[in-house]
Amino acid sequence: MRRCWTIVVAPLLLLAGCAANDAEHSEHSGPGAREWVRRGQQLLEPEQASEAREAFSEALRRQPDSVQALLGRAQAALWLSEGEPAARQVAHSDLTHLLTLRPLADAYWLRGSIHFARQDFARAAADLRAAIVLAPRQPNGYAAYAQVLLRLERNELALQAVERALDYAPDNAELHVLHGAVLIKLRRFAESCAALTRALENQANHRSYELRGDAFFAQGEHQAAVVDYTEVLRRRPASLCRVTRGLCFLQLDRHQDAERDFSSWLERNPSDARVLFWRGVTRSKRYAFDLAAQDFLRALAMTPPGQPLRGKILAEQRRMARYQDEVW
């Protein structure tokens, strides 16, 4: 089953640790503005983002060019943007204004996350490059940049970026997951398995198991893939890994196990023509020809003319007809 490996550590793009209270960002402003900035910084947590935004807005009414207030309000607005889409535009405006006053890595990182959310990956890459120039020892910056490069299909550069991040944070499990994902994109599956095993040694999670299972699957190591997919399904029963595990069982000639996984998936996703096709193939292999024929007919009815899947279904129907003649 074809998968997309383009994003793994998305939270790294929105940096919760925005260094708005760094002494480097201090400035001359009226006492009222300073007090509101200080209050905003005390409130700058996702759970208190609305209150923090109001405090920074009060500071900006008194000092429109307050770097700390612009940076803090932008961070707060980004935390609020899921429920308030217009907040992202406010954050973008604040960050753009701030960057005309002073080039700060935090501002470039945050604006890069806005471009990423808009799928403007070229602008996101430019901002993240600028952030890395200003803060060259921050692993989060390289990790975020690697994700953008993956979206731009510049996979070799993405590998260089994530390896640079690992130079500064060699035990970071999320970075090893991202490293493994990039190596899968480059079809370097054995190295990907090693990176993902390193991630699992530091922190076991479903994403690491899923990616390592995919790397095993791509190498034809179907039994090893089954083990990892089973661990994912123990944690997330509705995962797409159920289909991929079914394909592994199909390759291992464990047809009843494959059919069980495909049927379980189809209970929740009855219009998935691809899985109907694979279940039909599985049923055909265990001589349940009538059931297989029903799956193929349903899959055909869901597949528009001209789609590659339609050709595969028709070919499998012909193959099954010949096989029935041989068996009977």
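Just so it is clear, the structure is predicted and the values come from calculations on it, not from any experiment.

## Overview of the packing of helix H5 (residues 105-117) against helix H6 (residues 121-134)
Interhelical geometry of H5 versus H6 gives an angle of 165 degrees and a closest axis separation of 8 Å. Here H6 runs roughly antiparallel to H5, going by the angle between their axes. Crossing of H5 over H6 shows left-handed handedness. Facing H5, whose interface residues are Ala 105, Tyr 108, Trp 109, Arg 111, Gly 112, His 115 and Phe 116, H6 presents Phe 121, Arg 123, Ala 124, Asp 127, Leu 128, Ala 130, Ala 131 and Leu 134.

## Quick notes on the nonpolar core
Core analysis: the biggest nonpolar cluster contains 60 residues, and Leu 95, Leu 98, Ala 107, Tyr 145, Val 148, Leu 178 and Val 182 have the highest contact counts within it. Those residues in contact with Val 148 that sit more than four places away from it in its chain are Phe 116, Phe 121, Ala 124, Ala 125 and Leu 128. Core analysis: the next-biggest nonpolar cluster, separate from the first, contains 41 residues, Leu 200, Tyr 209, Leu 233 and Ala 258 among them.

## Description of helix H14 (residues 255-268)
Because each turn of an α-helix spans 3.6 residues, side chains separated by three or four positions in sequence point in the same direction. Helix length check: H14, at 14 residues, gives a terminal C-alpha distance of 21 Å against a target of 20 Å (1.5 Å per residue), a fit within 8%. Burial runs high along H14: ten of the 14 residues are buried. Every buried residue belonging to H14 is among His 255, Asp 257, Ala 258, Glu 259, Asp 261, Phe 262, Ser 263, Ser 264, Trp 265 and Leu 266, and all of these are buried.

## Points about the environment of Asp 261
Note that Asp 261 resides in helix H14. Take Asp 261: its relative accessible area is 2%, and that puts it in the buried class. A polar side-chain atom of Asp 261 sits 3.2 Å from a polar atom in the side chain of Arg 242.

## A closer look at the pattern of salt bridges
Opposite charge on two side chains permits them to pair, given that their charged atoms come into close proximity. Summed over all chains, the structure comprises 22 salt bridges. With a shortest N-O distance of 2.9 Å, Asp 295 and Arg 279 are connected by a salt bridge. One end of the pair, Asp 295, is in helix H16 (residues 289-302); the other, Arg 279, is in helix H15 (residues 273-285), and 16 residues separate them in sequence. Pair check on accessibility: Asp 295 and Arg 279 agree, each one buried. Within the structure, one salt-bridge network assembled from shared partners comprises Glu 259, Arg 279, Arg 283, Arg 286 and Asp 295.

Calculation notes
Residues numbered from 1 in each chain as written. Predicted model: local features only at pLDDT ≥ 70, side-chain atom pairs only at ≥ 80, totals over all residues. Heavy atoms only, no water. Axes fitted to C-alpha atoms, helices over the stretch in contact; angles between N-to-C directions. Helix = DSSP H or I, 4+ residues; strand = E, 2+ residues; numbered from the N terminus. Parallel < 35°, antiparallel > 145°, perpendicular 65-115°, else oblique. Left-handed = near helix turned anticlockwise from the far one by under 90°. Contact = heavy atoms within 4.5 Å. Core = buried A, V, L, I, M, F, W, Y, C linked by side-chain atoms within 4.5 Å. Buried < 20%, exposed > 50% of the residue type's maximum accessible area, 1.4 Å probe, protein only. Expected span 1.5 Å × (residues − 1). Polar contact = N/O pair within 3.5 Å; in protein donor to acceptor, adjacent residues only side chain to side chain. Salt bridge = Lys/Arg side-chain N within 4 Å of Asp/Glu carboxyl O.

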